[in-house]
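Observations on the model geometry
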Amino acid sequence: MTSIGIDFGSTYTMVSVYKDNKPETVMASSILDRYPSVVVYHTKLKKYFCGESASAKIGVENTVVFRGFKMLLCQQVSDAELRKRGYDEVNTPEYITKLFLEYVVKNTLKNLGENSIDNLIIGVPLCWFQKLDTIEARRSLLHICKNLEIVLDGVKVQIKNIKMISEPENASAYTAWNYEQDLKKPLDGQILVIDYGGGTLDTALVEVQHINGGLRIKPQMRSGAGENHSGKLGNAGIAFQEAVARLAITEALGAEAEHNDKEFNKFLQDFEKILITDSDDIEETMKDYQFDHEGLKEELLAEIPYDGKPVMINYYHLWKSYQEEIQPVLQQVLDDTVDGLDVNKISISMVGGFCGFCLVKFQIHQYFKIAPLNDHRLEGMIRAARDREKAIAHGASLISSGVITVCDVANFSIGAYATYNDENSTISRHYAIQCGQEIKYNQVYIARDKEGNPFPVVRGYLEKILLDTDGTGRHPVGLVPKRKFADQLRALESKTRNLAIVVGFSLDENERITVHVYNYDMLNRKMDGKPFGSLRLDTMRNMFGGLLLET
């Protein structure tokens, strides 16, 4: 058995294993170290193709191309939008994801000569831990991974443990390990990881700790952007590439391209190759025209055919699409992340494929006033483009093998309406668990006052229980339970013997929330030692209705 780490990316997927005291990429083939995150269905052959073989069939007749399916697991797009991208009742984002991961895991085990997995760590977007609109995507992916159907040598592959860790936390593990290997000295302090990939932008401020001779990563502040919006996949590389393609095609032909049109997919594939092969020239040209954006219109980047007609992409298309799709998102996330921090004392690590794009680098360097040469905040950080792209997979392998541990912290604040014990019985909000708090899974947490007494909930308010979820903890959002769940809460409440109860919360390792309800004696300020009822929130979406913003 073995332990592996997977960077399940929106554009590319990479697999890593810890071997010979270092993380190594598990090759996708004899020449490729990654899998294009693409699945193609050939409608005449009735056959699916994954990875590189799928990429080779983009633009072929009688094919449907599925890209960015990871970003569609949270169902943030309409059914009409899904249909535009080729999905239907059979070929759902969940089904396509399952086919792709089965292909990746099976190929990985073949290349390793293994037939089972001890520990599987998968890097997923940070917003899947923090945003109500996307948190269900993590549960969906976990369900998919637990139900992979892989057979090797006639035996079904067993995966013993599966855990999802945010992409920037995986990257921070590899960054810390790389620092100590490169500089031959311990890293003590904080690292700000900026992870920009094909689908999401994630940032994490982590503290590197040395405990019992091992490395431990403790997340302190996390932020990010990755929600789909207006028919666009995320806020990163894919959204940028599609924006450039749409702009160039519309200007050249006067008509917009369809998302799953085979010509558009082939156009995107050709454009992506140009961005990779010509990256140095693109960066030099952008430097030359950084104060003359109109002049960029005269600089031709490429001519790519679309529907049999030539489409010119110039450098202005890149700059304009970046300003509209990327610049404000990156600016806001950086503002949220560094608010109140002394950025001159923090190491800065830029990882992910899109972090290597010149306009992203320019913006980050300008934001942090990074010196062109020998900035102390970059000492020992990952420099090579290939290593930046492998950081998430390598970090996941370090964690899966136990070389580095990641401290478990709450990704959102959890609380309930409660009363102050005063003559007015004032209704207020109290947190049992604070965002960023170090926690133990399956342990019950209860909101308490300064003297350690629990805050009681007055009978009649249990159905108005409040879950505040926000990545920063600064903008709480209240949730109103749907009728079915509220009825279940009231059924528990009817069993109480007193005027008040105490509500506790626990999390399992996949962050499913359980609500625990205790009897509370208001007169003697005592509660029963055991809950008289508990309810597990398997899905927030099913248990809660519309959002209620708290002032």
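Structure: see above.
Residues numbered from 1 in each chain as written. Predicted model: local features only at pLDDT ≥ 70, side-chain atom pairs only at ≥ 80, totals over all residues. Heavy atoms only, no water.

Here we look at the overall build of the protein
As a reminder of what qualifies: Secondary structure elements follow DSSP: runs of H or I of four or more residues count as helices, runs of E of two or more count as strands, with numbering from the N terminus. The buried label goes to any residue with under 20% of its type's maximum accessible area, the exposed label to any with over 50%, and the partly exposed label to all in between, with areas taken from a 1.4 Å probe on protein chains only. In this description, contact between two residues means that some pair of their heavy atoms is separated by no more than 4.5 Å. We get accessible surface area from the Shrake-Rupley algorithm with a probe of 1.4 Å; when it comes to residues, only the shown protein chains can shield them.
Along the protein, the regular secondary structure elements total 15 helices and 28 strands. Relative to its full complement of 551 residues, the protein shows a buried share of 57%. Here the contacts in the protein between residues at least 6 apart in sequence split such that 66% fall between residues at least 24 apart. A total of about 24,300 Å² of accessible surface is found on the protein, and carbon and sulfur atoms cover 47% of it.

Concerning the nonpolar core
Nonpolar side chains tend to gather and get buried jointly when the protein is soluble and globular. We apply this condition: Only buried residues count toward a nonpolar core. Its members are Ala, Val, Leu, Ile, Met, Phe, Trp, Tyr and Cys residues joined through side-chain atoms within 4.5 Å.
Core analysis: the largest hydrophobic core is formed by 53 residues, its most contacted members being Ile194, Leu318 and Phe357. Among the elements that make up this core, the one with the highest residue count is helix H8 (residues 262-277) (six residues). Contact partners of isoleucine 194, with chain neighbours within four places excluded, come to Leu201, Asp202, Thr203, Leu334, Ile348, Ser349, Met350, Val351, Cys355, Ile364 and Phe368. In this structure, Tyr41, Ile96, Ile150 and Val157 belong to the second largest nonpolar core, which totals 46 residues.

What about the pairing of strand E13 (residues 201-211)?
Where we set the bar: Only strands that DSSP links by at least two bridges are regarded as paired with each other.
Across the eleven residues that make up E13, a large majority, eight, are buried. In this sheet, E13 lies alongside strand E12 (residues 189-196) in antiparallel orientation, the contact comprising eight bridges. From the neighbouring strand, tyrosine 196 faces E13, where its bridge partner is leucine 201. Between E12 and E13, which pair antiparallel in sequence order, lie four residues. Linkage of E13 to strand E14 (residues 214-225), two consecutive antiparallel strands, is achieved through a turn of two residues, within which asparagine 212 is found at a positive phi near 50°.

Focus: the pattern of salt bridges
Note the threshold: One speaks of a salt bridge when a side-chain nitrogen belonging to Lys or Arg is within 4 Å of a carboxyl oxygen belonging to Asp or Glu.
With the rule as written, the count across this model stands at 22 salt bridges. The residue arginine 67 makes a salt bridge to glutamate 242 at a minimum N-O spacing of 3.7 Å. Taken together, the positions of arginine 67 in strand E7 (residues 63-67) and glutamate 242 in helix H7 (residues 237-253) put the pair 175 residues apart, joining distant regions of the chain. For arginine 67, a relative accessible area of 17% translates into the label buried. We classify glutamate 242 as buried; its relative accessible area is 2%. Notably, a salt bridge pairs arginine 246 with glutamate 242, separated by 3.7 Å at the nearest N-O pair. Here glutamate 242 and arginine 246 lie together in helix H7, a separation of four residues that amounts to about one turn. Across this residue pair, the class does not change: arginine 246 and glutamate 242 are buried.

Here we look at the sheet that holds strand E6 (residues 47-50)
Put simply, the rule is: Axes here refer to lines fitted to C-alpha atoms; in helices the fit is confined to the stretch in contact. Angles between the N-to-C directions go from 0 to 180 degrees.
Strand order in the open sheet made by the three strands is E6-E5-E7, with antiparallel pairing throughout. Of all the strands in the sheet, the pair left with one neighbour each is E6 and E7. Here the strands of the sheet are splayed against their neighbours by 20° on average, with no regard to which way each runs. Looking at chain direction, strand E5 (residues 38-42) and E6 are connected through four bridges and run antiparallel. Looking at E6, one finds that tyrosine 41 is bridged to tyrosine 48.

A few points about the packing of aromatic side chains
Just so we agree on the cut-off: Any two rings among Phe, Tyr and Trp, with Trp reduced to its six-membered ring, count as a pair given centres within 6.5 Å; such a pair is stacked if its planes are under 30 degrees apart, edge-to-face if over 60, and tilted if neither.
By the definition in use, this model includes 17 aromatic pairs. Ring centres of phenylalanine 240 and phenylalanine 354 lie 5.7 Å apart, and the angle between their planes is 40°; this geometry places the pair in the tilted category. Within this pair, whereas phenylalanine 240 is found in helix H7, its partner phenylalanine 354 is found in the loop between strand E17 (347-351) and helix H12 (358-368), the two being separated by 114 residues in sequence. An identical accessibility class is assigned to phenylalanine 240 and phenylalanine 354; each is buried. Site record: aromatic cluster; members linked through ring pairs are Tyr196, Phe240, Tyr322, Phe354 and Phe357.

Comments concerning unusual backbone geometry
The phi dihedral of aspartate 20 is positive, around 55°, even though this residue is not glycine. Here aspartate 20 shows up in the loop between strand E2 (12-19) and strand E3 (22-25). Of note, asparagine 442 is a non-glycine position whose phi angle comes to about 65°, a positive value. Mapped onto the elements, asparagine 442 comes out in the loop between strand E20 (427-433) and strand E21 (445-446). What makes asparagine 442 exposed here is its relative accessible area of 54%.

Describing helix H6 (residues 167-183)
Using the following cut-off: An expected span of 1.5 Å times one less than the residue number is assigned to each helix.
Here H6 contains 17 residues, and its C-alpha end-to-end distance of 24 Å stays within 8% of the 24 Å for a straight helix at 1.5 Å per residue. Counting buried residues in H6 gives 14 out of 17 residues, a clear majority hidden from the surface. Positive phi shows up at lysine 184, right after H6, with a value of about 60°.

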